[in-house]
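Structure assessment
Listed below, chain by chain, are the residues.
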Amino acid sequence: MVLNFEMDKVKTELERIRPKRVLVQLPEGIKQKALDIQGVIEDLGIEVIFSGETCWGACSIATYEAKSLGVDLIVHFGHAQFIKSDFPILYIEVRDELDLIPILKRSLEKIKDYKNIGLSYSIQHRHDLDMIVKFYKDNGHVVTVTDKKGYAAFSGHVIGCEFGGLKTIQNQVDAYIIIGNRFHSMGAALAVEKPVFLVDVYNDQVTEMKGVRDKIIRQRIVSIEKFKDAKKVGVIMEVKPGQKFGSPKFIVDKLKKAGKEVIVITMDEITPDKIMNFYDIEAFVELACPRIAIDDFAKYTKTIITYKEALVATGDRSMDEAIKNGFI
Ligand code: SF4
């Protein structure tokens with residue numbers, strides 16, 4: 001990784017906005033840059049506070065902290081805008097300026113049987129999009145950049161809970177390439193029915209996500225079936241403004257009609273130790289990031305499923321539909 005924190009943009013924007021006090025959010029992997037960032041912002045005469053809370057995605061917007069602290073602006077690094085907010089936020093995407101050509105060259109052998117490719121990237125590679133498209137075209141491929149759909153901020157932009165842009169081009173492509181990390185490509189492999197290749201710039205590998213889809217589908221079906229058997233269930237809502245997937249009232253009513261005893265729980269972040277204390281609750285539905293249940297299920301001692309999976313358990317959605325949409 002060769003990260004560019006776009007501090008020129010930070011300075012320009014802060015000089016324009018002129019906040020007195022800002023709350024800075026950094027994703028986990030770049031929190032070690034806090035002192036450098038503080039130096040630049042303080043030189044402008046602005047007070048800086050860093051959020052020490054976890055920041056896994058652009059959904060993790062610290063508006064509650066910001067309002068409580070009385071800051072004028074959130075400066076959110078590492079992601080693009082996800083949802084509209086009632087609080088001013090400056091998004092700094094952070095570029096990875098690593099030379100991608102060597103790994104793109106290595107990807108050619110893996111995708112040689114697929115002429116038409118769909119292309120997505122994680123936000124740190126947006127500035128390289130034209131170069132990547134040209135590279136694959138020059139090497140004989142027809143490239144379709146995925147559509148801007150739902151939570152995606154740009155055409156081609158992939159995030160872990162939004163694969164609508166990949167789905168809309170599914171009939172035009174033979175395979176997908178994801179420039180980014182395993183998290184995004186795993187979600188993509190689950191959401192589409194064509195081969196997905198990860199150009200993993202962080203581990204310097206090109207990997208076909210073959211087998212991942214079938215394994216996760218089997219695991220999710222088991223979780224949904226176990227949830228159906230549970231008599232006492234918890235519905236977990238997160239308080240982060242961007243992590244509200246589904247209607248709590250709707251699912252609570254449905255679960256009660258299905259004969260379950262239901263409690264509603266709120267958390268600022270769902271973790272296995274927090275839900276462990278609700279020891280008499282047999283299974284949970286989480287209405288926060290759907291990838292918590294899908295990716296981290298093994299960390300939980302009790303069954304945990306997504307909102308859309310809970311709709312399958314109550315008979316309001318078919319299993320086929322859930323599989324088709326990657327359970328998200
Ligand atoms: S996948 Fe999860 S962490 Fe990432 S943006 Fe979506 S809700 Fe947030």
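Anything mentioned here points back to the structure above.
Overview of the structure. (Residues numbered from 1 in each chain as written. Predicted model: local features only at pLDDT ≥ 70, side-chain atom pairs only at ≥ 80, totals over all residues. Heavy atoms only, no water.)

What about helix α5 (residues 129–138)?
Here is the rule we go by: For the exposure calls, accessible area comes from a 1.4 Å probe over protein chains only, and a residue counts as buried if that area is under 20% of its type's maximum, exposed if over 50%, partly exposed in between. Here a strand is any run of E in DSSP of at least two residues, a helix any run of H or I of at least four, and the numbering for each starts at the N terminus. The arc under discussion is defined with respect to the helix axis, by the directions toward the C-beta atoms. Whether two residues are in contact is decided by their heavy atoms: any pair within 4.5 Å suffices.
Buried residues of α5: L129, I132, V133, F135 and Y136, and no others. One face of α5 carries all of its buried residues, which in axial projection span an arc of 160°. Exposed residues on α5 whose side chains face more than 90 degrees from its buried face are D130, K134 and D138. Buried residues along α5 sit against α4 (101–110), β7 (116–121), β8 (142–145), β9 (175–180) and β10 (196–200). Immediately downstream of α5, the backbone of G140 shows phi near 90°, a positive value.

A short note on the environment of D273
Checked against the element boundaries, D273 lands in helix α10 (residues 272–276). Taking the relative accessible area as the measure of exposure, D273 reaches 48% and is therefore partly exposed. D273 sits 42 residues away from K231 along the chain, and the two C-alpha atoms are 21 Å apart.

Points about the layout of surface pockets
Put simply, the rule is: Buriedness for pockets is judged along seven lines, at least five of which must meet protein on both sides within 12 Å for an open set on the 1 Å grid over protein atoms alone, while cavities are sets there where a 1.4 Å probe fits but cannot get out, and lining residues have an atom within 4 Å of a point. Grid points are joined across faces, edges and corners, and a volume is the space filled by probe spheres set on the points. Amino acids outside the nonpolar list (Ala, Val, Leu, Ile, Met, Phe, Trp, Tyr, Cys, Pro) and the charged list (Asp, Glu, Lys, Arg) are all regarded as polar, and Gly is one of them.
Roughly 1,200 Å³ of volume is contained in the largest pocket. Around the largest pocket, the lining is made up of 45 residues, and of these C55, W56, G57, H79 and F183 lie nearest the centre. The set of elements that each furnish at least two residues to the lining of the largest pocket consists of α7 (182–191) and α11 (290–296). Residue contributions to the lining of the largest pocket peak at four residues, all from α11. When its residues are assigned to classes, the lining of the largest pocket shows 24 nonpolar, 13 polar and eight charged. There is about 240 Å³ of room inside the second largest pocket. The wall of the second largest pocket is formed by 18 residues, among which C161, F245, K308, N325 and I328 lie closest to the centre.

A look at the pairing of strand β15 (residues 303–306)
Both faces of the sheet carry side chains from a regular strand, because those side chains alternate between them. Put simply, the rule is: In short, DSSP must find at least two bridges between two strands for them to pair. With its strands directed away from the observer, a crossover is right-handed exactly when the path from the first strand over the helix to the second travels clockwise.
In β15, alternate side chains face the same way, and those of T303 and I305 on one face and I304 and T306 on the other are all buried. As judged from the four bridges shared by strand β14 (residues 283–286) and β15, these two strands associate in the parallel manner. In the strand pairing of β15, A283 is matched with T303. In this region the chain leaves β14, passes through α11 and returns to the parallel neighbour β15; the handedness of that crossover is right-handed.

Section: the side chain of T146
Considering the arrangement of structural elements, one finds T146 in the loop between β8 and α6 (164–167). What T146 contacts, discounting residues up to four positions off in sequence, is L119, S120, S155, G156, G165, L166, I169 and Y176.

Overview of unusual backbone geometry
Notably, R18 is not glycine yet its phi reads approximately 55°, a positive angle. Within the secondary structure layout, R18 lies in the loop between α1 (7–17) and β2 (21–25). Overall, the relative accessible area of 47% leaves R18 in the partly exposed class. Positive phi, close to 65°, is recorded for F327, a residue that is not glycine. For F327, a relative accessible area of 0% gives the class buried.

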